[in-house]
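Here's the letter readout for the chains.
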Amino acid sequence: MAHIILTENLPGIRGLMAFRPQTAKPLNALAEVLLRSDEGLSKGERELIATYVSSLNDCFFCQNIHGAVAAYYFDEDLVKQVKADHSVADISDKLKALLNIAHRVQMGGKYVQEMQIQEARNAGATDLEIHDTVLIAAAFCMFNRYVDGLGTFAPDDAEMYKMRARKIAEETGYSNSKPN
Amino acid sequence: MPYIDLEKDVPGIRSLVIYRPDTGKPLYELAQILLREDSPLSQAERELIAAFVSSRNDCTFCTCSHAAAARYLYKDESKTVDFVLNDYENAPISEKLKSLLKIAGFVQADARTVTAQDVEMARKNGATDRDIHDTVLIAATFCMFNRYVDGLATFTPTNLKAYELMGERMGTLGYVLPQKST
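Residues numbered from 1 in each chain as written. Chains lettered and ligands numbered in written order. Predicted model: local features only at pLDDT ≥ 70, side-chain atom pairs only at ≥ 80, totals over all residues. Heavy atoms only, no water.

(A) Representation of the overall build of chain A within the structure. Scanning chain A from terminus to terminus reveals nine helices and zero strands. Taken from N to C terminus, the helices and strands of chain A fall in the order α-α-α-α-α-α-α-α-α. For 180 residues, the compact-globule estimate of 2.2 N^0.38 gives 16 Å, and chain A sits close to it at 16 Å. By principal-axis analysis of the C-alpha atoms, chain A measures approximately 50 × 30 × 25 Å. Taken as a whole, chain A presents about 7500 Å² of accessible surface, with 50% of it coming from carbon and sulfur. Separation between the mean location of the 19 positive side-chain charges and that of the 24 negative ones in chain A comes to 6 Å. (Helix = DSSP H or I, 4+ residues; strand = E, 2+ residues; numbered from the N terminus. Rg over C-alpha atoms; globule rule 2.2 N^0.38 Å. Areas by Shrake-Rupley, 256 points an atom, 1.4 Å probe, with all protein chains shown as cover. Lys, Arg positive; Asp, Glu negative; His and termini not counted. Charge placed at Lys NZ, Arg CZ, Asp CG, Glu CD.)

Laid out in structure tokens, this is it:
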């Protein structure tokens, strides 16, 4: 049971967004700008970073919904590989290096060191890609904490996440997604 | 030295939102709504929670700037901020705020560790759903800002006077997206 009374029976962050639409607006706008662009990193790569960080934070709702969106762009097996051990996953060396940075960000900002940045640059990462990786990882350290810190409920049904992911990818995105 | 090419001598979050204003805009809107607009918690209390979490995350820029904003807003009780950052359990603040800071500390460390008992204790001390919601979201938000600012090694001033001025600006003008200098 959630720690506060969420009147509508909506899972994860959706119940919180219905509880407080004022903060939902910039939170959704941030997710939209950060995840739904193909400039530098693709939408799929951005969702993979979000899924990976949510999995490190053990946030069930976020890793399942963003994992489902990432699988929409790639496939379920790749998402599983990245969560299990991204260093041997079937992804580019650049994305591996960026996921190393994301991992450091998840541990704490000061854990990111020159060495990980240099490795990402050697693999071809630009300033914008490094910036977006750090901000996606940081943002999910927020979303995950918001969702779990208030004890929201998360459905087990994988089909629900798949359906919702398709809707996000094909129709609503994040900024237009209504809580219902 | 920042890890990416940021405007020189612009500190912390400001250098990042100037670098990418399209993500900067929702970030500043979030800070403004969360820390300045309506809430059962005072602006001073909310800045204090932000400084407390930033200090636990060892983010010097966010700790110093939000502590300065909280000192400005606490006015003649500005020492409260230093008592809290040093040892909140024995600080001269309400039991309600103590129990909310305890929750903020759990959110910072690992949000899954917030228990129904902690929330119950906050309620007994007078916290409402909105107090609890705002505390958790402020704590979570600063776990983002702190990582963003330190993860890209942004410029962190060492001069305390610089933070005092920042605190006054944050306390009077709030969170206004900075523009690139020409």
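(B) Structural view of the interface of chain B and chain A. Counting from both sides, the interface comprises 44 residues of chain B and, opposite them, 44 residues of chain A. For the pair chain B and chain A, the summed buried surface comes to about 3700 Å²; carbon and sulfur atoms form 66% of the total. On the chain B side of the interface with chain A, the three residues burying the most area are Tyr3(B), His133(B) and Arg147(B), jointly 20% of the side's total. Summed over the shared surface of chain B and chain A, the result is four salt bridges. For the pair chain B and chain A, the number of links is 19 residue pairs in polar contact (both at pLDDT 80 or more). Ranked by residue count, the leading element in the side of chain B that touches chain A is helix H8 (residues 129-151) of chain B, at 15 residues. Of the residues assigned to the side of chain B that touches chain A, the class counts are 24 nonpolar, seven polar and 13 charged. (Contact = heavy atoms within 4.5 Å. Buried area = accessible area lost by both parts, 1.4 Å probe. Salt bridge = Lys/Arg side-chain N within 4 Å of Asp/Glu carboxyl O. Polar contact = N/O pair within 3.5 Å; in protein donor to acceptor, adjacent residues only side chain to side chain. Nonpolar A, V, L, I, M, F, W, Y, C, P; charged D, E, K, R; others polar.)

(C) A look at helix H8 (residues 127-149) of chain A. All names here are of chain A. Counted at 1.5 Å a residue, the expected span for H8 with its 23 residues is 33 Å, and the 32 Å between its end C-alpha atoms agrees. By the criterion of burial, H8 is predominantly enclosed, with 23 of the 23 residues buried. Downstream of H8 by one or two residues, Gly-151 has phi in the positive range, about 60 degrees. (Expected span 1.5 Å × (residues − 1). Buried < 20%, exposed > 50% of the residue type's maximum accessible area, 1.4 Å probe, protein only.)

(D) Just unusual backbone geometry, in detail. All names here are of chain B. Positive phi is not limited to glycine here, since Asp-9 has a value of about 65 degrees. Here Asp-9 shows up in the segment before helix H1 (12-19). Even without glycine at this site, Asp-58 takes up a positive phi of about 60 degrees. Here Asp-58 lies in the loop between helix H3 (43-56) and helix H4 (60-74). Look at Asp-58 and you get partly exposed, because its relative accessible area is 47%.

(E) Region of interest: the packing of aromatic side chains. Residues and elements named next belong to chain A. Counted under the stated rule, the structure contains eight aromatic pairs over all chains. Their ring planes at 55 degrees and their centres at 5.2 Å tell us that Phe-140 and Phe-143 sit as a pair that is tilted. Linking Phe-140 with Phe-143, this pair stays in helix H8, spanning three residues, or about one helical turn. For Phe-140, a relative accessible area of 2% corresponds to the buried category. In textbook terms, an aromatic cluster arises when at least three aromatic residues are bridged by ring pairs, as seen for Phe-60, Phe-61 and Tyr-161. (Phe/Tyr/Trp six-rings, centres within 6.5 Å; stacked < 30°, edge-to-face > 60°.)

(F) Up close: helix H3 (residues 43-56) of chain A. Residues and elements named next belong to chain A. Between the first and last C-alpha of H3 there are 20 Å, a value that for 14 residues agrees with the 20 Å anticipated at 1.5 Å per step. Of all 14 residues in H3, 13 are buried; the element is thus mostly enclosed. Phi turns positive one or two residues past the end of H3, at Asp-58, with a value near 55 degrees.

(G) Up close: the pattern of salt bridges. With the rule as written, the count across this model stands at 24 salt bridges over all chains. Two residues, Asp150(B) and Lys110(A), come together in a salt bridge whose shortest N-O distance is 3.1 Å. With one member in each of two chains, Asp150(B) in helix H8 and Lys110(A) in the loop between helix H6 (93-107) and helix H7 (114-122) form a pair that bridges those chains. The exposure class of Asp150(B) is buried, given its relative accessible area of 12%. The exposure class of Lys110(A) is partly exposed, given its relative accessible area of 42%. Note that Asp127(A) is salt-bridged to Arg121(A), the shortest N-O span being 2.9 Å. Classification of Arg121(A) as partly exposed rests on a relative accessible area of 29%. Salt bridges linked by common partners bring Arg20(A), Asp38(B), Arg130(B) and Asp134(B) together as one network.

(H) Representation of the nonpolar core within the structure. Core analysis: the largest hydrophobic core is formed by 121 residues, its most contacted members being Met144(B) and Tyr148(B). Residue contributions to this core peak at 13 residues, all from H8(A). In this structure Met144(B) touches Leu30(A), Ala138(A), Ala139(A), Met142(A), Leu27(B) and Leu30(B), once residues within four positions along its chain are discounted. (Core = buried A, V, L, I, M, F, W, Y, C linked by side-chain atoms within 4.5 Å.)

(I) Fine view of the side chain of Thr63(B). Residues and elements named next belong to chain B. Assignment of secondary structure puts Thr-63 in helix H4. Taking relative accessible area as the criterion, Thr-63 reaches 13% and is therefore assigned buried. Within polar-contact distance, the side chain of Thr-63 engages the backbone oxygen of Ser-54 at 3.2 Å. Once you skip the residues sitting within four places of it in the chain, Thr-63 turns out to touch Ala-51, Ser-54, Ser-55 and Leu-85.

(J) Examining the confidence of the model for chain B more closely. Here chain B averages 97 in pLDDT, while 99% of its residues score no lower than 70. Interface scoring of the predicted complex returns ipTM 0.97; its pTM is 0.97. (pLDDT = per-residue confidence, 0-100.)

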